[in-house]
Amino acid sequence: MSRAERAVRPGGRTVEHLKSWLIMLPGLVLMAFFVWEPLFESVRMSLYKTRNVELVRFIGLDNFVSVTGKDDFLQALVNTFSYTFWSLLIGFGLPVLLSLLIGETTRGKSFFRTAVYLPNMLPGLAVIILWSAFFSGEKSGVLNILLSRLGIPAQTYLTRADWVIPILIIIATWKGAGSTALIYMAGMAGISPELYEAATIDGATVRQRIFHITLPAIRKLAGTLLILQIISVFQIMYEPMVLTKGGPDNASLSLMQLMWQYAFGGSMNYGKASAVAVIVTLILLAMTAVYSWLNRRESDWD
Amino acid sequence: MKKLSTALCMLLALSLILAACPAAAQDVGLIDAGLTCTITLGNWPSDTAPDAEKALFENYRAIMAVQYPNVTLVPDYYSYTLSNYVPMAKGGTAPSIFQPPFTDPQLLISQHLVGDVTDALEQFGVLDKFSPAYVEMLADENGRIYGLPRDGYVLGMHINIELFREAGLMTEDGLPMYPKTLQELAEYGQIIREKTGKAGLVFPASEAYGGWLFTNIAWNFGCVGENALEYQDEDGRWVCNFTSPQCIAAMEYIRDLRWKYDILNADATTTDWAGAHSLLGTGEAAMNFAADDSVDQPTANKGLPVEDFALVPFPAGEAGRYALAGGTCYMFSPDITPDQAIALMAYLKVLGKLPFLDESIIAGMRADYAAKRDRGAPVLPAISAWTDADYNAAKQAIVEEFSNVDMRLYSDFFGSLDDGSITLKSEEPVFAQQLYRELTAVIQRVITREGADVTKALQKAQDSFQEYLDDEINDY
């Protein structure tokens, strides 16, 4: 009896199913315990008046009404979208550019790959502390020392409400662009060399090869990384928390940081913190749904 | 050198253990000699802590082993923060003893997250020796005690004398001509900025620090009594009051420090407590509102020589001369048993944190002050949280033995406490951390936007904090 025949026998199928479930079981248990249960608990908590982590009484949507009615929520929401905007402006194209440049390099490719990935290997907090010395507004700040060599007086950076988010995104991009560039490089490695050879024989320039072969080939990958980047930036927390503490005057406060403040910032209001978490989740779900819809529509056209 | 310090530590250990033996007899009648339990001790020095500190705690453990052989001590490196403590307390994994700041006990007590040690304290006979202000901070409405003071502090001002010297602000006696009033602070800071290019005052206006310091300034502008930042009305409801003329004047003063006098450090909104000490210690700022318990920060930790450092009283305002008094306390996990509570009091007694005098405690104090002197930190008289005169006099004698500073640089600070020229005041009574955060947001606004409307910003903060008070207390 062939394997295919065994598989279609009712008893055989049950055994195969059982094996599959057994293989998945540890993962499912871990997911249920560490992901799904806390997630549902968080949703439940958002509907209750809480005393630390205890549920006191059901209050419906009061926590949502309370948190969304405050100025700091609106500020945090606007800031979070601002983070996303600046992240796409500064950080989306850079990994593509890096991967293209490294892809076109003929010597020292491994060195450049390692070099762009290196910041990603540094601990996140160390990176923040490093850049805080760079952007320090004191005369001893690294950037101010460099500017003073050019005769420019010392500036403040992190205390300026309109500069603080772009600066934080520059820091996050410096740290994260290398790893994204590696993914793009892997994507580009999958493009058939015959396409480039044919283009070269036809006399295509580097620019034409990039715009007519490379970029169209990685378009879907870029779409996936775009949504991942938006989801990631939407959850930005430790960068502003460490570098600016959400300031000045809440100018860098993110939604995740606001959630942290409700839970651990002195008030221990886990109900309101959960409400903010649920709102963030809903926004991200909506974004993911839009992306999936666009992606599916595009696939239909293809 | 390392061998010498190790040998000294071992010698100290031996002397402490030997000294501890007769002391055990003192507890006969107080504690059951067969007391048997296990206690976990938070804030135990980590493996990377200085050798002297580790040796000191090992000595404490050795003394406990002699005095209370059936009490098992389990060291724990746990360091308290509100956010990490709550899940541990709820999950039953909090250490038996930990050290929160004085801003948190009332919150922890109200949420039933700490253990009651009243009966154990009575057994040790120290209940009536607490400074009343500390009892108030560490008890519930029924007078049950949930914590013990570790140490107290009074807010004053740290001075970098080198920058005062550079700015020509020195008396004929070679002492810094420090500001006595908030107005003088602005003016002297301006002179320092002009003469040295450095910040006159470092103001840590991030998270809750800015609001914390602001409350002291506000008190000196008259935000006390009926104009207090928060108070209880006739119905017992808590009311936030950030929009009194006094509070507005205090916030306008902060605004002037930035825009009129320009004496603040450049990155005030990102500067925290440690950053402020760093700026003063490294000569980037001349003055810092800070307390007597952190004099080691700019000196031993940041390299400012003790002869270039002074501690002076908090500057007086138009309507008062208050200084914030607070500190750190010991609290206990909510699930401690009566036996564990007694064992924990015994441990604190060995640490010299209860008002008992014996040779082992005096030896411990000596070791503590010797370590401070060796690190290059000023050895200063401590502000006691106990009312026991003998205990306080013994500590003072040891301080004088190890003193490494010119006390003229500190005499006005300690003198103001003794002669009553400064009034000590505890932190705002309810939800102080949240109140500080609201005020910090206003401070950040007024020091980053020149045209910021102070009254409007304070009104917004008041509305927000009032909603918080209603939610957490008034309508709970």
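Along every chain, residues carry numbers that run from 1 in the direction the sequence is written. Written order decides the labels, with chains lettered from A and ligands numbered from 1. Local features in this predicted model are restricted to residues whose pLDDT is 70 or higher, and side-chain atom pairs enter the listing and the counts only when it is 80 or higher, whereas totals over whole chains, interfaces and linings include all residues. Just so you know, side-chain values use all the structure's heavy atoms and leave hydrogens and water out.

What to know about the overall build of chain A
- Counting secondary structure elements, chain A contains 14 helices and 2 strands.
- Based on C-alpha atoms, the radius of gyration is set beside the globule rule, defined as 2.2 Å times the residue count to the power 0.38. For 302 residues, the compact-globule estimate of 2.2 N^0.38 gives 19 Å, and the C-alpha radius of gyration of chain A, at 25 Å, exceeds that figure by more than 25%.
- Considering only C-alpha atoms, chain A reaches an extent of 65 × 65 × 35 Å along its principal axes.
- Burial status across chain A gives 38% buried among its 302 residues.
- Working rule for contacts: check all heavy atoms of both residues, and any pair within 4.5 Å makes them a contact. Contacts in chain A between residues far apart in sequence, at least 24 positions, make up 63% of those at least 6 positions apart.
- Note that His is not counted, nor are the chain ends; the positive residues are Lys and Arg, and the negative ones are Asp and Glu. The atom standing in for a charge is NZ when the residue is Lys, CZ when it is Arg, CG when it is Asp and CD when it is Glu. Taking the average place of the 25 positive charges on the side chains of chain A and the average place of its 19 negative ones, the gap between the two points comes to 4 Å. Secondary structure elements follow DSSP: runs of H or I of four or more residues count as helices, runs of E of two or more count as strands, with numbering from the N terminus. When accessible area is computed with a 1.4 Å probe and restricted to protein chains, residues below 20% of their type maximum are described as buried, those above 50% as exposed, and intermediate ones as partly exposed.

Re the overall build of chain B
- In terms of regular secondary structure, chain B is built from 18 helices and 11 strands.
- At 23 Å, chain B has a C-alpha radius of gyration in line with the 23 Å of a compact globule built from 476 residues.
- Burial analysis of chain B (476 residues in total) assigns 56% to the buried set.
- A separation threshold of at least 6 residues defines the contact pool for chain B, and within that pool the share at least 24 residues apart is 78%.
- Carbon and sulfur atoms provide 51% of the accessible area of chain B, an area that totals close to 18,800 Å².
- Taking the average location of the 33 positive side-chain charges in chain B and that of its 66 negative ones, the two points are 7 Å from each other. Surface exposure here means Shrake-Rupley accessible area, sampled with a 1.4 Å probe, where a residue is shielded only by the protein chains that are shown.

A look at the pattern of salt bridges
- Salt bridge criterion: a side-chain nitrogen from Lys or Arg within 4 Å of a carboxyl oxygen from Asp or Glu. Under the defined criterion, the tally for this structure stands at 22 salt bridges over all chains.
- In this structure, the salt-bridge partner of Lys-49 of chain A is Asp-471 of chain B, at a minimum N-O distance of 3.3 Å. Highlighted residues: Lys-49 of chain A in strand β1 (residues 48-51) and Asp-471 of chain B in helix α18 (residues 454-474), drawn from two different chains.
- For Lys-49 of chain A, a relative accessible area of 9% gives the class buried.
- The exposure class of Asp-471 of chain B is partly exposed, given its relative accessible area of 22%.
- Salt bridges sharing partners connect three or more residues here, namely Lys-49 and Lys-272 of chain A together with Asp-471 of chain B.

Some points on the domain arrangement of chain A
- Here the bounds of each domain stem from an automatic or database domain assignment. For chain A, the domain assignment lists domain 1 (3-45) and domain 2 (64-301).
- Centre-to-centre, using C-alpha coordinates, domain 1 of chain A lies 35 Å away from domain 2 of chain A.

Details of the packing of helix α4 (residues 71-104) of chain A against helix α10 (residues 206-217) of chain A
All names here are of chain A.
- Interaxial angles span 0 to 180 degrees and are taken between N-to-C directions of axes, which are lines fitted to C-alpha atoms, for helices over the stretch in contact. In contact at an axis separation of 12 Å, α4 and α10 are set at 120° when each is read in the N-to-C sense. Taken together, the axes of α4 and α10 are oblique relative to one another. Considering only the axes of α4 and α10, their crossing is right-handed. Two secondary-structure elements touch here, α4 through Val-96, Leu-100 and Glu-104 and α10 through Val-206, Arg-209, Ile-210, Thr-214 and Leu-215.
- When residue character is reported, Ala, Val, Leu, Ile, Met, Phe, Trp, Tyr, Cys and Pro are called nonpolar, Asp, Glu, Lys and Arg charged, and the others, Gly included, polar. Here the residues of the contact of α4 with α10 sort into 5 nonpolar, 1 polar and 2 charged. Any angle that falls under 35 degrees is termed roughly parallel, while one over 145 is termed roughly antiparallel, one within 65 to 115 roughly perpendicular, and all others oblique. Whether a crossing is left-handed or right-handed is set by the direction in which the near helix is turned from the far one by less than a right angle, anticlockwise for left-handed and clockwise for right-handed.

As for the nonpolar core
- As used here, the term nonpolar core means buried Ala, Val, Leu, Ile, Met, Phe, Trp, Tyr and Cys residues forming a set that is joined through side-chain atoms within 4.5 Å. Core analysis: the biggest nonpolar cluster contains 135 residues, and Tyr-85, Phe-203, Ile-217, Phe-242, Met-251 and Ile-254 of chain B have the highest contact counts within it.
- Ranked by residues supplied to this core, first place goes to helix α14 (residues 270-301) of chain A with 11 residues.
- Sequence-distant contacts of Ile-254 of chain B, defined by excluding residues within four places in its chain, comprise Phe-203, Phe-214, Ile-217, Ile-443, Val-446 and Ile-447 of chain B.

Some thoughts on the pairing of strand β9 (residues 309-313) of chain B
Residue and element names in this part refer to chain B.
- A large share of β9 lies buried, amounting to 5 of its 5 residues.
- Where strand β4 (residues 147-160) and β9 come together, 5 bridges link them in antiparallel fashion. Counterpart to Asn-160 in the pairing with β9 is Phe-309. Being paired, for any two strands, means DSSP has found at least two bridges between them.

Considering the interface of chain B and chain A
- Chain B puts 35 residues into the contact, and the matching count from chain A is 37 residues.
- Summed over both partners, the accessible area (1.4 Å probe) lost when two parts come together is defined as the buried area. A combined buried area of about 3,200 Å² lies between chain B and chain A, and 47% of that area is made up of carbon and sulfur atoms.
- Run the count over chain B and chain A and you get 7 salt bridges.
- Notably, a salt bridge pairs Lys-245 of chain A with Asp-272 of chain B, separated by 3.6 Å at the nearest N-O pair.

Here we look at the side chain of Asp-249 of chain A
- Tracing the chain through its elements places Asp-249 of chain A in the loop between α12 (238-243) and α13 (255-264).
- Look at Asp-249 of chain A and you get buried, because its relative accessible area is 6%.
- Polar contact criterion, stated in full: a pair of N or O atoms within 3.5 Å, where within protein one must be able to donate a hydrogen and the other to accept it, and residues adjacent in sequence count only if both atoms are side-chain atoms. Here the side chain of Asp-249 of chain A touches Arg-445 of chain B through a polar contact of 2.7 Å, side chain to side chain.
- Filtering out sequence-adjacent residues up to four positions away, Asp-249 of chain A remains in contact with Gln-75 of chain A together with Ala-441, Gln-444, Arg-445 and Arg-449 of chain B.

Some details on the environment of Gln-459 of chain B
- Positionally, Gln-459 of chain B belongs in helix α18.
- According to the relative accessible area criterion, Gln-459 of chain B is partly exposed, its value standing at 32%.

Examining the domain arrangement of chain B
Residue and element names in this part refer to chain B.
- Its domain assignment divides chain B into domain 1 (2-145 + 326-402) and domain 2 (154-321 + 422-474).
- Between the C-alpha centres of domain 1 and domain 2 there is a distance of 32 Å.
- The interface is formed by 10 residues belonging to domain 1 together with 15 residues belonging to domain 2.
- Note on domain 1 versus domain 2: buried area summed over both sides is about 1,100 Å², and carbon and sulfur give 62% of it.
- The three residues of domain 1 that bury the most area against domain 2 are Thr-103, Arg-375 and Pro-378, which together make up 41% of that side's buried surface.
- If you look at where domain 1 meets domain 2, you find 1 salt bridge.
- Between Arg-375 and Asp-296 there is a salt bridge, and its shortest N-O distance comes to 3.5 Å.

Some thoughts on the side chain of Asn-265 of chain B
- As for its position among the elements, Asn-265 of chain B is in the loop between α10 (245-259) and α11 (273-281).
- Excluding residues that lie within four positions of it along the chain, Asn-265 of chain B makes contacts with Glu-138 of chain A together with Ala-199, Leu-201, Val-202, Phe-203, Thr-271 and Leu-279 of chain B.

Re the confidence of the model for chain A
- The predicted model of chain A averages 89 in pLDDT, with 94% of residues at 70 or higher.
- Here pLDDT means the predictor's own confidence in every residue, given as a number from 0 to 100. Here helix α1 (residues 3-8) of chain A stands out as the least confident element of chain A, with mean pLDDT 52; helix α7 (residues 142-149) of chain A is the most confident, with 94.

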